[in-house]
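# Analysis of the macromolecular model
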Amino acid sequence: MTDRTMILGMHLGTGYGSQALSWRAPGVDPGAYTDFDAQVRHARAAERGKFAFLFLPDSLAVTRGIEREVPQATLEPMLTLAAIARATERIGLVATGSTTFNEPYNVARQFKTLDVMSHGRAGWNAVTTSDPNAAANFGQTIADRPERYGRAHEVIQVVQALWGSWQEDAWVKDPATGTFVDPDKLRPVNLQGAHVAARGPLPIPPSEQGQPVIFSAGGGAYGLTLAGRYASGVIGAAFTIEDARAQRDAAREAARQAGRDPDEVKYFAGVMPALGTSVRDALDRRMALNGDLFASRVPYLGLMLGLSLDAGQLDQPLTPAQLGAARAGSGDPRAARALEVAREGWTLREVLAHGVIDYHPTPVGPPAVVADHLQAWFDAEAVDGFWVSPDVNATDINTFVDEVVPLLQDRGLYPADYVGTTLREHLDVPHQYGIDPRIVTH
Ligand SMILES: Cc1cc2nc3c(=O)[nH]c(=O)nc-3n(C[C@H](O)[C@H](O)[C@H](O)COP(=O)(O)O)c2cc1C
């Protein structure tokens, strides 16, 4: 065992949970979408479990399926985190914000205010936004990647320059001399790029962590370059240990190429635990939760397995002939796991309840199964930690905190308490103020 400790983030997307029909689950208030007391309760529960951060994704348009399914994001994430900031003390607060549909001055001002308000716990998940419906809400269309990523680099650099424009010791605030700010230490940035510009300065002093931490999500060459230059946290999506390790290694290599120490970038894989007292109980919970959706998912399950399947077979396992013919399709990284589960003899409904076509891997069963999953990936050095998406926030955050976290602690994988007070300390990433002078941009 090494002295690395696992870092966890809690996905706090909606007031409900990550399963599409969690808004209808027993014990869940169907109106939780607008209930900020509930969001605060969930945040405090995660803080009790020593989670390093809350992660709020964002969508700038109505998401598909909203007629029956929970939306993919909460109300405005920064305002949500402002409400949570005042009711929590240690947990980091990471909000997603678009580099395409925001001006850098707005981003710099809002995130640094959150950082000051929370005493150094803010993070910005900088995303380029690829949804045409989002663009339509700004009277625009989605530009190609070079354009969007070109803007993203400029926006992040201008934001960081603005954060540094009020130098760390600029705030004199001395009633005796009458000096509030040392004017020599409050300097304009005067940046003019091809996409954005700002004069500055930004009239906000440093927080306890200097300035907010940058996260990034997504992949590809463009996303990696962005992560390598600026991100301290990468929100990943991987279905196997090998894939996660490849993503983590790529982020670390991108950081090295940008002139940084790879240990400054922490990689988080997603996980969607299906918790229960037993495997049977966990599957039953998932089936009760999502029963109405499974019939429509059978054809896609078939596609992944190279079979023609229909909903009539929902409560039967694959036949011997189907098992003989089934192949894990190469088009979907989840197919191998789907085949593995189908071969165990479960009905198609149970196969789907294993989360085989969910967004992230799903350990199914009692807390020890979830802890085993996290440990296997962590021990393999495929991740620095995870962002956890609970099925139902109202119940499963507490279950994770009360039953999975102690197992991780007993195994020496997870800290007994917060070591520091800021998000940078929770992530074990260095202090930064203004633009990182080491960054190689060409
Ligand atoms: C795990 C994960 C989470 C993401 N979360 C968000 C999000 O909350 N909001 C968003 O607009 N994009 C999000 N993205 C999308 C990426 O930022 C990126 O836009 C997407 O992968 C499309 O790539 P492109 O911009 O290179 O075309 C996420 C991506 C991943 C892999």
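The paragraphs below set out a description of the structure included in this document. On a predicted model such as this, the values are computed, not experimentally measured, just so you know.

If you tally the helices and strands in the protein, you get 14 helices and 14 strands. Rg of the C-alpha trace for the protein: 23 Å, near the compact-globule value of 22 Å for 442 residues, within the 12% margin. Seen through its C-alpha atoms, the protein measures out along the principal axes to roughly 85 × 45 × 45 Å. Counting every position in the protein, which comprises 442 residues, the buried fraction comes to 54%. Sequence-distant contacts, at least 24 apart, represent 77% of the contacts inside the protein between residues at least 6 apart. Taken as a whole, the protein presents about 18800 Å² of accessible surface, with 52% of it coming from carbon and sulfur. Of note, the protein has its 39 positive side-chain charges centred 2 Å away from the centre of its 52 negative side-chain charges.

Moving on, we come to the site of the ligand. Taken together, 14 residues sit near the ligand, with Asp58, Thr128, Arg145, Arg148 and Tyr149 positioned nearest. At 2.8 Å, a backbone N or O of Asp58 approaches a nitrogen atom of the ligand. Interatomic distance of 2.8 Å between a side-chain N/O atom of Thr128 and an oxygen atom of the ligand. Considered on its own, the ligand offers 620 Å² of accessible surface; in the complex 75% of this is hidden by protein.

A few words on the pairing of strand 5 (residues 171-174). Taken together, the two bridges between strand 5 and strand 6 (residues 179-181) define a ladder with antiparallel strand orientation. Following the sheet pairing, Asp174 is matched in strand 6 by Thr179. Where strand 5 folds back on strand 6, the antiparallel hairpin that results is connected by four residues, among which Gly178 adopts a positive phi of roughly 85 degrees.

Here is what the cut-offs are and how they apply
- Residues numbered from 1 in each chain as written.
- Predicted model: local features only at pLDDT ≥ 70, side-chain atom pairs only at ≥ 80, totals over all residues.
- Heavy atoms only, no water.
- Helix = DSSP H or I, 4+ residues; strand = E, 2+ residues; numbered from the N terminus.
- Rg over C-alpha atoms; globule rule 2.2 N^0.38 Å.
- Buried < 20%, exposed > 50% of the residue type's maximum accessible area, 1.4 Å probe, protein only.
- Contact = heavy atoms within 4.5 Å.
- Areas by Shrake-Rupley, 256 points an atom, 1.4 Å probe, with all protein chains shown as cover.
- Lys, Arg positive; Asp, Glu negative; His and termini not counted.
- Charge placed at Lys NZ, Arg CZ, Asp CG, Glu CD.
- Near = heavy atom within 4 Å.
- Polar contact = N/O pair within 3.5 Å; in protein donor to acceptor, adjacent residues only side chain to side chain.
- Pairing = 2+ DSSP bridges.

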